[in-house]
Amino acid sequence: MKNTIIAGAAVALFCGPLFGQQANTPDLAAQNAALEQHVRELEDRLIAVEGKVRMLQSAPPAPTQPATEGQPAAAAETAPAQAPVVPAETSPTQGQSQVVSTGGPLPNYGGASSAAKALNPDVSVIGDFIGAAGNGTVPPSASLQPFPSMQMHESEIGLQAIIDPYARGDFFLSFGEEGVNLEEGYITFTALPAGFVAKVGKMRSVFCKVNMMHNHVLPWVDRPLVTTNLVGGEDGIDDAGFSIERILPAPKGIFLEATGQVFRGDSPDVFRAETRSDVSTVEHLRGYKDITESTNLDLGLSYARGHNDAALVSGAAGDFVTQLYGIDATLRWKPLRRSIYHSFVGRGEFIWSQRQQFPAEQRAFGFYTSADYQFGRRWFGGARFDYSDRSRFDNLTDKGVAATLTYWPSEFSQLRGEYRFTHYAENRDSHEVFMQLIFSLGAHGAHPF
Amino acid sequence: MHKAKRLFVSLVAAGVLLFPTLAVAKKLNVVTATTDMAALAQEVGGDRISVESIAKGYQDPHFVEAKPSFLLKLRQADLLIVVGLQLEIGWLPPLITQSGNPRIQIGANGYLDASQFAEILEIPQGVVTRAMGDVHPLGNPHYWLDPDNGHRVAKGIAGKLGEIDPADAAYFQERFQDFDKRLTAAEQKWDAEMAPYRGRKVVTYHNSFTNFAKHFHLEVIGYVEPRPGIPPTPSHTIELIGLMKRENCKLVLVEPYFDLKTPNSIGAATGAKVLVYLPSVGGEKQVTNYFELFDYDIELIKKGFQ
């Protein structure tokens, strides 16, 4: 409203003299052209001012402005009207880059004005409801846990924001029906020298692909047997620590990225830290290549090492270590002109586990392969084959197949059905049908590719 | 002494030959989210910049895959120009974070949201919910389809390029002035060509045509999508057919990345022509710059109305 008033006043001010001249000037066409040009310039200036106001409204303000914070609301409301005095050369984002540390305690970012809301992180909630039917009889020693008949499996709350010019923060809190878990909560340093990107906090490790995925981005209702048997299942290798990654130089347009991570060493069913020195490490090398503009190949090598709970379980003295080796491969096809209608993803992970335990080291192997095809704007079909030994009993092998059908009512909800057949090592078969409904509220940031 | 001079000259010559990049001024690396921003940047940047777009012109800019190969471009970028208004929210933020390039992080000097320079239409008033579809809470992001916004965005880009590379600031301003003149002349031609069709009614698949329609005084009476981002439903299609018949609307414009099945059935039911228009530079091979985008679309629409 204020902008309109200012613009109206400006037009009247600037155009008034021109109207006066118009009557006395013989060259009416030239005067009209000049007037039109002038109005257009004013319009451009008004649009530029509106743009600056939009940017100021959406950008976090500078952190310490005690004089401004102390002003009454009426004074604060005049801020947009002052925007035009900002020099045209000034970048609208400079306000952020000028934020500097005062060296004292962290400033208080709260405030009574509504502008303080601009500092709030993006908030999202993703609901994950699963219904299950069929004979899910699982042998006692199997890693796979059956879904109950109906379950609000997870409610994931995401809080994401840019912290300062050098870092961003991401928190994902996972609410089950009976408890809360910090699935991930980390700071990412985005402005490190030499192209390094570092994370500190609790995070899913980069061991292969599935371990990194949150439940709502999985292409299935469940996780593959190999993930459950060898890499800790749904929780996976998800621990507190730090991570550093860098893109490496490579020829012929190949994307090569190396990541190293160090964790406390506590990931249920995989690693267990008894002392502070029992840290676990994960290393990952990723190679990616666009084969054509529609097709690409993504390959990864992973290694993880950490102490396990064998000493605790068996009571035997000693330092027991688990080492994991992984290979992941993903082939994607998505024709750009029809990218919202058709796509194909073929993927697989091959994992070897060496678990030291009493009385003998267990060497287990497992893999899955899957294919998913999008055959309509909202429809996807897929199939998966599972094979995996169990990490504690490498002579026991579980196998399975699964088929999925997925429908997206919109971009913000998803309905999926899955049939799963599992043949357990104890010679038991299980036939199960799952129905999953995922729904998203708020601004959930996109996940890495 | 002469020998020393000759040796020096030879060494310099050899150096220039062996390391040609040292002999020429370094170009600014500009990466843009879409081809339209790339086309405008190229107009004002000339040979002092190298510019690449992440999305292709025939691709839906809302749904670009955040491929790692884009990181190779972004990590070298001096300037990243985005359309803004949350057009790229589904794919660009993780790329920026992962790029490891502090220059282009949001808020850094090498990050430019071009929407700040443009006239933005359809800014939702009141409560915004997802019941409205995949609505953009900050306004319609397809603003480059108004040539007036082309002037403004190009001016903003020229200013930013000059800020990053002050030595070439005058060059970028000269290029902008030249572009501004050429675009003004082209705009007069386009306005004259479209003048006979003022007030004509059209239907588009997605609401990407708003700025174009406003500039050339066309009236968009409906969309094939019932809500932005929601696929056509039978009930909405029937309603739209009724509306088009009542309003005597004889043109359906479809973006190149949408399926033609529903638009064709609407066309068959109403007698309207169904045409694939280009919302972006590069939508067809022959459309390689900002001027050709309007040339193509205006020619197409003229034929559609004839």
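Residues numbered from 1 in each chain as written. Chains lettered and ligands numbered in written order. Predicted model: local features only at pLDDT ≥ 70, side-chain atom pairs only at ≥ 80, totals over all residues.

Turning next to the overall build of chain B. Helices and strands together make up the secondary structure of chain B, namely 11 helices and eight strands. Overall, chain B is about 90 × 40 × 35 Å in size when its C-alpha atoms are taken along their principal axes. Per-residue burial over chain B gives 50% buried out of 306 residues. Taking as baseline every contact in chain B between residues at least 6 positions apart, the subset at least 24 positions apart corresponds to 60%. (Helix = DSSP H or I, 4+ residues; strand = E, 2+ residues; numbered from the N terminus. Buried ≥ 20, exposed ≤ 12 C-beta atoms within 10 Å, placed from the backbone. Contact = placed C-beta atoms within 7 Å.)

Turning our eyes to something else, we now look at the nonpolar core. One broad rule of soluble globular proteins: the nonpolar side chains tend to lie buried together. B:A41, B:V44, B:L80, B:I81, B:A114 and B:I157 are the most contacted members of the largest nonpolar core, which totals 89 residues. No other element matches the six residues that helix α3 (residues 35–45) of chain B contributes to this core. Sequence-distant contacts of B:A114, defined by excluding residues within four places in its chain, comprise B:M37, B:I81, B:V82, B:V83, B:G84, B:V153, B:G156 and B:I157. Of all hydrophobic cores here, the second largest spans 23 residues; its members include A:A142, A:V206, A:Y387 and A:Y424. (Core = buried A, V, L, I, M, F, W, Y, C linked by C-beta atoms within 7 Å.)

The next thing to look at is the pairing of strand β14 (residues 397–410) of chain A. Residues and elements named next belong to chain A. Where strand β13 (residues 379–389) lies against β14, 11 bridges are found, and the strand directions are antiparallel. Among the inter-strand pairings, D386 is bridged to a residue of β14, identified as G400. Direction of pairing for β14 relative to strand β15 (residues 413–423): antiparallel, over a ladder of 10 bridges. From the neighbouring strand, K399 faces β15, where its bridge partner is H423. Here β14 folds back onto β15, and the loop between the two strands holds two residues. (Pairing = 2+ DSSP bridges.)

Attention shifts here to the confidence of the model for chain A. Residues and elements named next belong to chain A. With 78% of its residues at a pLDDT of 70 or more, chain A shows a mean pLDDT of 82. Here residues 13–23 is a poorly scored stretch, pLDDT under 50, and it has 10 contacts once near neighbours within four places are set aside; other chains count. Taken together, the stretch residues 60–105 has pLDDT below 50 and engages in 50 contacts with residues farther than four places along the chain or on a different chain. (pLDDT = per-residue confidence, 0-100.)

This part covers the sheet that holds strand β2 (residues 49–53) of chain B. Residue and element names in this part refer to chain B. Strands sit in the order β2-β1-β3-β4 across an open sheet of four strands; the sheet is parallel. The sheet is open, and its two borders are formed by β2 and β4 (111–113), each paired with just one other strand. Going across the sheet, the axis of each strand differs from the next one's by a mean of 20 degrees, ignoring polarity. Relative to β4, strand β3 (residues 79–82) runs parallel, the two being bridged by three bridges. Note on β4: the bridge partner recorded for L80 is Y111. Relative to the sheet, α3 contacts β1 (28–32), β2 and β3, its axis offset from that of β2 by approximately 170 degrees. Set on the sheet, helix α6 (residues 147–164) makes contact with β1, β2, β3 and β4; between it and β3 the angle comes to about 165 degrees. (Axes fitted to C-alpha atoms, helices over the stretch in contact; angles between N-to-C directions.)

Next up on the list: the interface of chain A and chain B. Taken together, the contact between chain A and chain B spans 46 residues of the former and 45 residues of the latter. For the side of chain A that touches chain B, the elements supplying multiple residues, two or more each, are α2 (28–58), α6 (94–97), β5 (196–204), β6 (238–248) and β8 (280–290) of chain A.

Time to look at the confidence of the model for chain B. All names here are of chain B. For chain B, per-residue confidence averages 90 on the pLDDT scale, and 92% of positions sit at 70 or higher. The model gives residues 15–23 a pLDDT under 50, and that stretch makes two contacts with residues more than four places away or in other chains. Predicted as a complex, the structure gets a pTM of 0.81 and an ipTM equal to 0.83.

Following A:F358, the chain continues into A:P359 via a peptide bond in cis, with omega recorded as 10 degrees. Following the sequence through the fold, A:P359 ends up in the loop between β11 (343–355) and β12 (362–374). For B:E122, which is not glycine, the phi torsion reads 55 degrees and is therefore positive. Structurally, B:E122 is set in the loop between β4 and α6. Classification of B:E122 as partly exposed rests on a count of 18 C-beta atoms within 10 Å. Despite not being glycine, B:N248 shows a phi value in the positive range, around 55 degrees. One can find B:N248 in the loop between α9 (234–247) and β7 (251–254).

Turning our attention to α6(B). The terminal C-alpha atoms of α6(B), which comprises 18 residues, lie 26 Å apart, in line with the 26 Å expected from a rise of 1.5 Å per residue. With respect to burial, α6(B) is a largely interior element, 14 of its 18 residues being buried. (Expected span 1.5 Å × (residues − 1).)

For the rest of this paragraph, the subject is the sheet that holds strand β8 (residues 273–276) of chain B. All names here are of chain B. With parallel pairing, the four strands of this open sheet are ordered in space as β6-β5-β7-β8. Strands with a single pairing partner mark the edges of an open sheet, and in this sheet they are β6 (219–223) and β8. In this sheet, adjacent strand axes meet at a mean angle of 30 degrees when their direction is disregarded. Sheet topology note: the strand β5 (residues 201–204)/β6 ladder contains four bridges and is parallel. What sits directly across from V203, in β6, is G222.

Residues and elements named next belong to chain B. Interaxial distance between α6 and helix α7 (residues 169–194) falls to 9 Å at its minimum, and their mutual angle equals 175 degrees. Considering their axes alone, α6 and α7 lie roughly antiparallel with respect to each other. Along its contact with α6, which presents P147, G150, H151, A154, K155, A158, L161 and G162, the element α7 presents A169, F172, Q173, R175, F176, F179, D180, L183 and E187. By residue class, the composition of the contact of α6 with α7 is nine nonpolar, four polar and four charged. (Parallel < 35°, antiparallel > 145°, perpendicular 65-115°, else oblique. Nonpolar A, V, L, I, M, F, W, Y, C, P; charged D, E, K, R; others polar.)

Moving on to the packing of α3(B) against α6(B). All names here are of chain B. Interaxial distance between α3 and α6 falls to 9 Å at its minimum, and their mutual angle equals 60 degrees. Classified by the interaxial angle, the pair formed by α3 and α6 is oblique. When the axes of α3 and α6 are compared, the crossing they make is right-handed. For the pair α3 and α6, contact is made by L40, A41, E43, V44 and G45 and by G150, V153, A154, I157, A158 and L161, respectively. Split by residue class, the contact of α3 with α6 holds eight nonpolar, two polar and one charged. (Left-handed = near helix turned anticlockwise from the far one by under 90°.)

All names here are of chain A. By the bridge criterion, 10 bridges tie strand β1 (residues 122–135) to strand β2 (residues 150–164) in an arrangement that is antiparallel. Following the sheet pairing, S124 is matched in β2 by G158. Note: β2 against strand β3 (residues 167–175), nine bridges, orientation antiparallel. Residue G158 lies in a different strand from β3, and its bridge partner there is F172. Taken together, β2 and the strand that follows it, β3, pair antiparallel across an intervening segment of two residues.

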